[in-house]
Amino acid sequence: MFDIKFRLISMLGLLTTVVIISLVLDYFRVLCRPVRLGLGIAILGITAGFVLTLNAVLPENRFYGPVFSGVQTSEKLVALTFDDGPCPPYTEQILDILQERQIPATFFVLGYNVAQYPDLTRRIVAEGHQLGNHTYTHVDLLKLNRRGVIEEIEKTNQAIAAAVGYAPHVMRPPHGFRDAVVMDIMAEYQLKVVEWSVASRDWLNPGTAVIVDRTLRRVKNGSIILLHDGDGIAGRLPRTQTVEATRLIIDRLLAQEYRFVTVDEILESMEE
Ligand SMILES: [Zn+2]
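Rules used throughout
- Residues numbered from 1 in each chain as written.
- Predicted model: local features only at pLDDT ≥ 70, side-chain atom pairs only at ≥ 80, totals over all residues.
- Heavy atoms only, no water.
- Salt bridge = Lys/Arg side-chain N within 4 Å of Asp/Glu carboxyl O.
- Helix = DSSP H or I, 4+ residues; strand = E, 2+ residues; numbered from the N terminus.
- Buried < 20%, exposed > 50% of the residue type's maximum accessible area, 1.4 Å probe, protein only.
- Contact = heavy atoms within 4.5 Å.
- Core = buried A, V, L, I, M, F, W, Y, C linked by side-chain atoms within 4.5 Å.
- Patch = residues over 30% accessible without salt bridge, like charges linked within 9 Å, V, L, I, M, F, W, Y side chains within 5 Å.
- Areas by Shrake-Rupley, 256 points an atom, 1.4 Å probe, with all protein chains shown as cover.

A. Spotlight on the pattern of salt bridges. Taken as a whole, this structure holds 17 salt bridges when the rule is applied. For the salt bridge of Asp96 with Arg123, the shortest nitrogen-to-oxygen distance reads 2.7 Å. Taken together, the positions of Asp96 in helix 3 (residues 90–101) and Arg123 in helix 5 (residues 118–126) put the pair 27 residues apart, joining distant regions of the chain. Asp96 gets classed as partly exposed once you look at its relative accessible area, which sits at 34%. Close ionic contact of Arg146 with Asp184 constitutes a salt bridge, the shortest N to O distance being 3.3 Å. Of this pair, Arg146 sits in helix 6 (residues 146–164) while Asp184 sits in helix 7 (residues 180–188), and the two are 38 residues apart along the sequence. On the basis of relative accessible area, Asp184 is assigned to the partly exposed category, the value being 22%. Put simply, Asp96, Arg123 and Glu127 are held in one network by salt bridges that share partners.

B. Representation of the side chain of Ser200 in the model. Locating Ser200 in the fold gives a position in the loop between strand 7 (198–199) and helix 8 (208–218). For Ser200, a relative accessible area of 1% puts it in the buried group. Apart from residues lying up to four places away in sequence, Ser200 is in contact with Pro206, Ile211, Arg214, Thr215, Arg218, Leu226 and Leu227.

C. Highlighting the nonpolar core. Of all hydrophobic cores here, the largest spans 35 residues; its most connected members are Leu80, Phe82, Leu98, Phe107, Ile225 and Leu253. What Ile225 contacts, discounting residues up to four positions off in sequence, is Val78, Ala79, Leu80, Thr81, Val198, Thr215, Val219 and Leu253. Listed in part, the 20 residues of the second largest apolar core include Leu8, Tyr64, Ile150 and Met186.

D. A nonpolar patch on the surface, seen in detail. A cluster of nonpolar side chains, Leu14, Val18, Ile20, Val24, Tyr27, Phe28, Val30, Leu31, Val35, Leu37 and Ile41, forms an exposed patch at the surface whose accessible area comes to about 1,000 Å². Those elements that provide at least two residues to the nonpolar patch are helix 1 (8–27) and helix 2 (37–57). At five residues, helix 1 tops the list of elements feeding residues into the nonpolar patch. Along the polypeptide, Leu14 turns up in helix 1.

Dropping the structure here:
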């Protein structure tokens, strides 16, 4: 059967070629009467490329398939999610904060880091949190071929299963980037793709107060909040700001009577 699933990168390559040919035709005044067809096609091509790329990077967009980026609910529920761990000492510090307040969260872990820190991965699960697949090496999945994407997903599922005894059923692509093929593979592996509705850009370490303020300004019922307990597989950047911001965000939201749940629970609360 003809497979209409295309890679974003191939499509952008094709569109670039079409745009260049159209502009050359326009330059030599070919296909210019009654309207400048070449120029028109070039503008359409650029617009199409822009729209396709935007759909691949915007967290809430469903053009390439179903993603969850926050839910409609009348309940005061929010889900905290932490990406790129496990990464000591930040993951432990966040776990301590969550434990003190008896709050569940979801950790989108990197397979490489799980293999480095299986005990810490087990602690996440033992304390009632949910695990998600965030790939093995935090590579941009749009740059890999189908086999490469599958390897990143399978190796991470295997590392998680080796540490805690089961593989997760949710995943978050690095940077949130996905296209039709990535979505197809996630469906094949029965992994729900979970993005976010609140991002404070904590990964840039903009300051604890900024992380807290940006998060609290955007939070509403059903929000999925993106934070980071690690920084890729290298873990170069410290996450001290995120740790401190997490404590403040939780306390402010508790004061506003929000209830914290895992990604699974917030997805279950979805109202039509
Ligand atoms: Zn990440």
